[in-house]
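# Reading the structure
Chain by chain, the residues:
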Amino acid sequence: MTTADFADTPTPISTPVSAGIVASLVGFTSSFAVVLTGLRAVGASPAEAASGLSALCVTQALGMMWLSRRYRQPITLAWSTPGAALLAGAGVVTGEWPAAVGAFVTVGVLAVVTGLWPGLGALVSKIPVPLAQAMLAGVLLPLCAAPVIAFADSPALIAPVAVVWLVVLRFSPRWAVPAAFVAAAVVIAADLIGSGTSIAVSDLIPGIDWTVPHWTWQATIGIAVPLYIVTMASQNIPGTTVMASFGFRIPWRASMVTTGTGTVLGAFAGGHTINLAAISAALSANPAAHPDPKRRWIAAFSAGCSYLVLALLATALATLVAAAPAGVVETVAGLALLGTLAASLFGALEHASDRESTVLTFLVAASGLTFAGIGSAFWALVVGLLVRSILRRQSPANTASDETG
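A brief look at the structure comes next. (Residues numbered from 1 in each chain as written. Predicted model: local features only at pLDDT ≥ 70, side-chain atom pairs only at ≥ 80, totals over all residues. Heavy atoms only, no water.)

### Comments concerning the overall build of the protein
Quick note on the threshold: In DSSP terms, a helix is any run of H or I states spanning at least four residues, a strand is any run of E spanning at least two, and both are numbered starting from the N terminus. The size measure is the radius of gyration over C-alpha atoms, and the globule rule it meets is 2.2 Å times the number of residues to the 0.38 power. For every residue, the accessible area (1.4 Å probe, protein chains only) is compared with the maximum for its type, and the residue is labelled buried under 20%, exposed over 50%, or partly exposed between those bounds. In what follows, residue pairs with any heavy atoms lying within 4.5 Å of each other are defined as contacts. Only the protein chains shown count as cover for residues, and the accessible areas themselves come from Shrake-Rupley with a 1.4 Å probe.
Along the backbone of the protein there are 20 helices and two strands. In terms of overall dimensions, the protein is globule-like: its C-alpha atoms have a radius of gyration of 21 Å, near the 22 Å expected for 405 residues. Dimensions along the principal axes, computed over C-alpha positions, put the protein at roughly 70 × 50 × 45 Å. Within the protein, the fraction of its 405 residues that count as buried is 53%. For the protein, the share of sequence-separated contacts (at least 6 apart) that also reach a separation of at least 24 residues comes to 83%. For the protein, the exposed surface amounts to about 16,900 Å²; the carbon and sulfur share of it is 69%.

Structure follows, in structure tokens:
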């Protein structure tokens, strides 16, 4: 799924308020399972993961409400879905969950610095986009393969989810993943009833679990650095491009400071990172939200209000996810990431001159290796940059000789 799916074929929406509600519902239901999966993978308990999801909803809601009203633009924020996928592949690092929270705080600080100091943004922009996309694609591959593996193990549980997703995808791509989650919820409910398992009411009540961050060099290098790069390359930069396509110029410094500050504050409650939205931004910024561009900011403001309501549901949804049969939630998360995987593969292999380095970056990231306590995402970038540097140093004469020989 690409931004064009939303930008080129706008669906008529009666008011900017309803456009904002739709944007929040699509953004939340299409990727919250990925967020919970990522947070659990780096050591969060079910309660801590639910707290993190709530924190993300609240911080991005307040951030987009302030930005949209202040600048009268439909500036939509989101959590980093690619970043959550990266966490799912990173695994528990040295220092466990408190160290992961420390890495989240670091990412927020880096985002603030990016807004205040152009030099850091310029440095990040020097990282070749194909390598960043290849790293992301490698991280996503195991997650997107999960539905296939789950189907082989439990076809009766997975088939309904996959069929609903495919049917809705045919007619309304933006609602395919939310529909798949609804199907998964029915499967989970049926399994709970069949097994006689009950869920305590106390497990459905919203709550916040505070975590004191701890910093380790393994978490900083293995989580914070790749998470920052992925968020910038896959969310913030595309987000500004999407908004520009609708005639809006994002206030870069204010956006980075706002999202960075929100990330720092949300990290103490378990949230990984918030950023500019890309795909869901089109829902608030396109003419379907309102014919008058000066009124579309109301859509983003309404989306923020909706996320405050959705934050109250985070604990109940996390409890439902924790009670799911093996493979069901992984299937929803994998289906949600297929569009991102396709876009990442396209971006990684678009330029023939970088294909050797991008393929190696992809393979290292997909391998899931951990070396010196640091996950595969970081090593994928290191290998890719090293190979790219070596190959780019070949002289034209040597290259020509190799080709003719």
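From this point, things continue past the structure.
### Structural notes on unusual backbone geometry
If you check the backbone angles, Arg 72 has positive phi at about 55 degrees while not being a glycine. Looking at the element boundaries, Arg 72 is found in the loop between helix H4 (46–71) and strand E1 (77–79). Note on Arg 72: relative accessible area 41%, which makes it partly exposed. Phi is positive for Glu 96, close to 55 degrees, though the residue is something other than glycine. Along the chain, Glu 96 turns up in helix H6 (residues 96–116). For Glu 96, a relative accessible area of 52% corresponds to the exposed category.

### Remarks on the environment of Thr 263
Put simply, the test is: Any pair of nitrogen or oxygen atoms within 3.5 Å is treated as a polar contact; in protein, a donor-acceptor pairing is required on top of that, and neighbouring residues in sequence qualify only through side-chain atoms on both sides.
Note on placement: Thr 263 falls in helix H12 (residues 252–267). Note on Thr 263: relative accessible area 4%, which makes it buried. Note: C-alpha distance between Thr 263 and Val 109 (154 residues apart in sequence) is 8.2 Å. Filtering out sequence-adjacent residues up to four positions away, Thr 263 remains in contact with Phe 104, Gly 108, His 272, Thr 273 and Ile 274. Looking at Thr 263, its side chain comes within polar contact range of the main-chain oxygen of Thr 259, at 2.8 Å.

### A short note on the pattern of salt bridges
Where we set the bar: Definition used for salt bridges: Asp or Glu carboxyl oxygen within 4 Å of a side-chain nitrogen of Lys or Arg.
Evaluated as defined, the whole model comprises one salt bridge. The partner of Asp 354 in a salt bridge is Arg 388, and the shortest N-O contact between them spans 3.2 Å. Here Arg 388 lies in helix H19 (residues 376–392) and Asp 354 lies in the loop between helix H17 (338–349) and helix H18 (355–367), a separation of 34 residues in the sequence. Residue Asp 354 is classed as buried on the basis of its relative accessible area, which comes to 6%.

### Notes on the side chain of Thr 273
Among the secondary structure elements, Thr 273 is positioned in the loop between H12 and strand E2 (274–276). Exposure remark for Thr 273: the relative accessible area of 3% places this residue in the buried category. A polar contact is formed between the side chain of Thr 273 and the side chain of Thr 263, at a distance of 3.4 Å.

### Some thoughts on empty space enclosed by the protein
Counted only if it meets this: A pocket, in this scheme, is an open set of points on a 1 Å grid over the protein atoms alone with protein on both sides within 12 Å along at least 5 of 7 lines, while a cavity is a set where a 1.4 Å probe fits but cannot get out; residues line either one if an atom lies within 4 Å of a point. Grid points are joined across faces, edges and corners, and a volume is the space filled by probe spheres set on the points. Under the grouping applied here, Gly and all other residues not named as nonpolar or charged are polar, the nonpolar ones being Ala, Val, Leu, Ile, Met, Phe, Trp, Tyr, Cys and Pro and the charged ones Asp, Glu, Lys and Arg.
A complete count under the given rule lists two cavities of 30 Å³ or more for this structure. Within the residue set of the lining of the largest cavity, elements represented by two or more residues are H6, helix H11 (217–245), H12 and E2. Element by element, the count of residues in the lining of the largest cavity is highest for H11, at four residues. Residues of the lining of the largest cavity, tallied by class, amount to five nonpolar, six polar and no charged. A volume near 40 Å³ is recorded for the second largest cavity. Every residue lining the second largest cavity is listed: Ala 33, Phe 181, Ala 184, Ile 188, Val 321, Val 328, Val 329 and Val 332. Sorting the residues of the lining of the second largest cavity by element identifies helix H10 (176–195) and helix H16 (328–336) as the ones contributing at least two each.

### Side note on the packing of H6 against H11
What counts, and what does not: Axis angles are defined between N-to-C directions and span 0 to 180 degrees, where every axis is a line fitted to C-alpha atoms and, for a helix, only to the segment in contact. Here the word oblique covers every angle except those under 35 degrees (roughly parallel), over 145 (roughly antiparallel) and from 65 to 115 (roughly perpendicular). Throughout, a crossing is termed right-handed when the near helix is turned clockwise from the far one, and left-handed when it is turned anticlockwise from it by less than a right angle.
Following both chains from N to C, one finds H6 and H11 inclined at 45 degrees, their axes separated by 9 Å at the closest point. Relative to H11, the element H6 is oriented oblique. Here the hand of the crossing between H6 and H11 comes out right-handed. From H6, Ala 99, Ala 100, Ala 103, Phe 104, Thr 106, Val 107, Leu 110, Ala 111 and Thr 114 reach across to H11, where they touch Ala 219, Ile 223, Ala 224, Leu 227, Tyr 228 and Met 232.

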